[in-house]
Amino acid sequence: MTKHYLNYVNGEWKDSDESIEIFNPATGESLGTVPAMSHEDVDEVYAAAKKAFPAWRALSYVERAKYLEKAADILYRDAEEIGSTLSKEIAKGLKSAVGEVTRTAEIVDYTAKVGVTLNGEVMEGGDFDPASKNKIAIVRHEPVGLVLAISPFNYPVNLAGSKIAPALMGGNVVAFKPPTQGSISGLLLAKAFAESGLPAGVFNTITGRGRVIGDYIVEHPAVNFINFTGSTAVGKNIGKLAGMRPIMLELGGKDAAIVLEDADLDLAAKNIIAGAFGYSGQRCTAVKRVLVMDSVADELVAKIMDGVKGLKIGMPETSADITPLINTRAADYVQGLIEDAADKGAEAKTDFKREGNLIYPMVFDKVTTDMRLAWEEPFGPVLPIIRVHSVDEAIEIANKSEYGLQSSVFTRNVQRAFGIAEKLEVGTVHINNKTQRGPDNFPFLGVKGSGAGVQGVKYSIMAMTKVKSTVLNIQED
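What this report covers is the structure whose coordinates are included nearby. Treat the numbers as computed from the prediction; the structure is a model and nothing was measured. Along each chain, numbering runs from 1 in the same order as the chain's sequence is written. A pLDDT threshold of at least 70 governs which residues receive local features in this predicted model, and a stricter bar of 80 or more applies before side-chain atom pairs are shown or counted, although totals over entire chains, interfaces and linings include all residues. Hydrogens and waters are ignored; side-chain quantities use all the structure's heavy atoms.

Details of the overall build of the chain
Thought 1: Helical segments are the DSSP runs of H or I of at least four residues, strand segments are the runs of E of at least two, and each set is numbered from the N terminus. Assigned secondary structure in the chain consists of 14 helices and 24 strands.
Thought 2: Every radius of gyration here is taken over C-alpha atoms, with the globule rule written as 2.2 Å times N^0.38, N being the number of residues. Taking 23 Å as the expected radius of gyration for a compact globule of 477 residues, we find that the chain reaches 24 Å, a close match to that expectation.
Thought 3: Projected onto its principal axes, the C-alpha coordinates of the chain cover approximately 75 × 70 × 40 Å.
Thought 4: Classification of residues uses two cut-offs on accessible area relative to the type maximum, computed with a 1.4 Å probe and protein chains only: under 20% is buried, over 50% is exposed, and between them is partly exposed. For the chain, buried positions account for 55% of its 477 residues.
Thought 5: By definition, residues are in contact when any of their heavy atoms lie within 4.5 Å. For the chain, restricting intrachain contacts to residue pairs at least 6 apart in sequence, the fraction spanning at least 24 positions comes to 72%.

Right under this line is the structure:
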């Protein structure tokens, strides 16, 4: 019998009148059903959160941290169980899926540790204006209120925990909306927070159809902060619906790996393969194009192809590198990019092979800027290699993208790498390493169409709080 999961609302597990069935993208088997919330159900969630807010914000950082530490312990304990479900629900390799849950536990635990060290400050007016020497400002961070946390299908647990824990640590209450394909995993994450003993209403979940509640949950006046990871198109719509309210957006990317003549090509090839094909390329921080100097391009391509031959292709339970994509629409889109590149003369280094939603890894050499693959984000296992003749040309192509998430620079000249990094219009530049999200204490951000706001545990806590300054005039004797 198909298992039916429930939402966690005001300290209780609750159902809705309608439900959504979740299927395994790799096999098509039913994994269970989740509630399809209505507008009235969402209103109930938000009302419960608002009611719980005053008591939660009144707790000290140390008191909040204890709940997060407990939730982290539960996630460590249940990593195998949650990871097994996660692997089936989003077709992620089993080892990686379990690792995602463990990493989430680490983030939650680290958030508790960092949160208790965040202090306000005392400022003296005399530092700026001699006439204000008797003025003292006590500057504190206060919670923003109700945070709506929305995670994506590719990391439904990890990119939920990285939103939820900092929000709670900052004294906010949370409504968590997992992706439809990832809802079950999200609700299993919610069980850990529920078991931690959080007061009723402090943490709640929302599942449902985007066409029914997608805009409603964002534009609802009860929401004070929106923290979203997903597509740029949806992120832009959220920005419009948010109005004057603060937002945190982690959106798409077209991350470039720039390889110079003096690069360690073995190191570059190894990182490019791992960066491009991990979880079938379904990551915003995946290496999505290589900009290589023509003089070393042949050698680099040969090394990349040697590595691609070693990729494991198969079903998630085998911990394969390349697994079926999240749905048929995604696979069709990737195939369209592949066909466009082939039609316009790109040199395919591998044969195109597709079995259902499983697309075998594709590498295209001699991709040109008139091809869609040079600019569009595939979110799939296809890597375009663009040959360039100068650093300036590489930087120009990298910066022409509508996205600005990350880039990599491979060179033995670190000083030169820093000079290139300064010119790249992205949030993060990795030197002699693949583009990637972590470590999670580092700032993580995108510019242009790749997002708004700065994440990373400390930065996320600060983003989801507001500064209040109380000024005191000291009376002289």
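Details of the sheet that holds strand β10 (residues 225-229)
Thought 1: Strand pairing follows a simple DSSP-based rule, namely that at least 2 bridges must link the two strands. Strand order in the open sheet made by the six strands is β9-β8-β7-β10-β11-β23, with mixed pairing throughout. Looking at the sheet topology across the chains shown, the edges are occupied by β9 (203-205) and β23 (451-452).
Thought 2: Examined bridge by bridge, strand β8 (residues 173-177) and β9 share three bridges and lie parallel to one another. Among the inter-strand pairings, A175 is bridged to a residue of β9, identified as N204.
Thought 3: The axes used here are C-alpha line fits, helices contributing only the stretch in contact, and every angle between their N-to-C directions lies in the interval 0 to 180 degrees. Contacts from helix α7 (residues 210-219) reach β7 (146-150), β8 and β10 within the one sheet, and its direction differs from that of β7 by about 145°.

Points about the packing of aromatic side chains
Thought 1: In this analysis, rings of Phe, Tyr and Trp, with Trp reduced to its six-membered ring, are considered paired at centre separations within 6.5 Å, and the interplanar angle assigns stacked below 30 degrees, edge-to-face beyond 60, and tilted for intermediate values. Taken as a whole and judged by the stated rule, the model has five aromatic pairs.
Thought 2: Each member of the aromatic cluster is reached from another via a ring pair, and the members are F176, F193 and F203.
Thought 3: Residue placement shows K92 over the ring face of Y279; its charged tip is 4.8 Å from the ring centre.
Thought 4: Should the NZ of a Lys or the CZ of an Arg lie within 6 Å of a ring centre and within 35 degrees of the ring normal, that charge is described as sitting over the ring. Directly above the aromatic system of F444 lies the positively charged group of R437, at a separation of 4.3 Å from the ring centroid.

Comments concerning the sheet that holds strand β24 (residues 465-473)
Thought 1: Taking strand neighbours across the sheet as the criterion, the three strands line up as β5-β6-β24 in an open arrangement whose pairing is antiparallel. Of all the strands in the sheet, the pair left with one neighbour each is β5 (121-124) and β24. Averaged over all pairs of adjacent strands, the angle between strand axes in this sheet comes to 25°, irrespective of strand direction.
Thought 2: As judged from the nine bridges shared by strand β6 (residues 135-143) and β24, these two strands associate in the antiparallel manner. What sits directly across from I138, in β24, is T470.

Everything listed is a geometric property; what it means functionally is a separate question.
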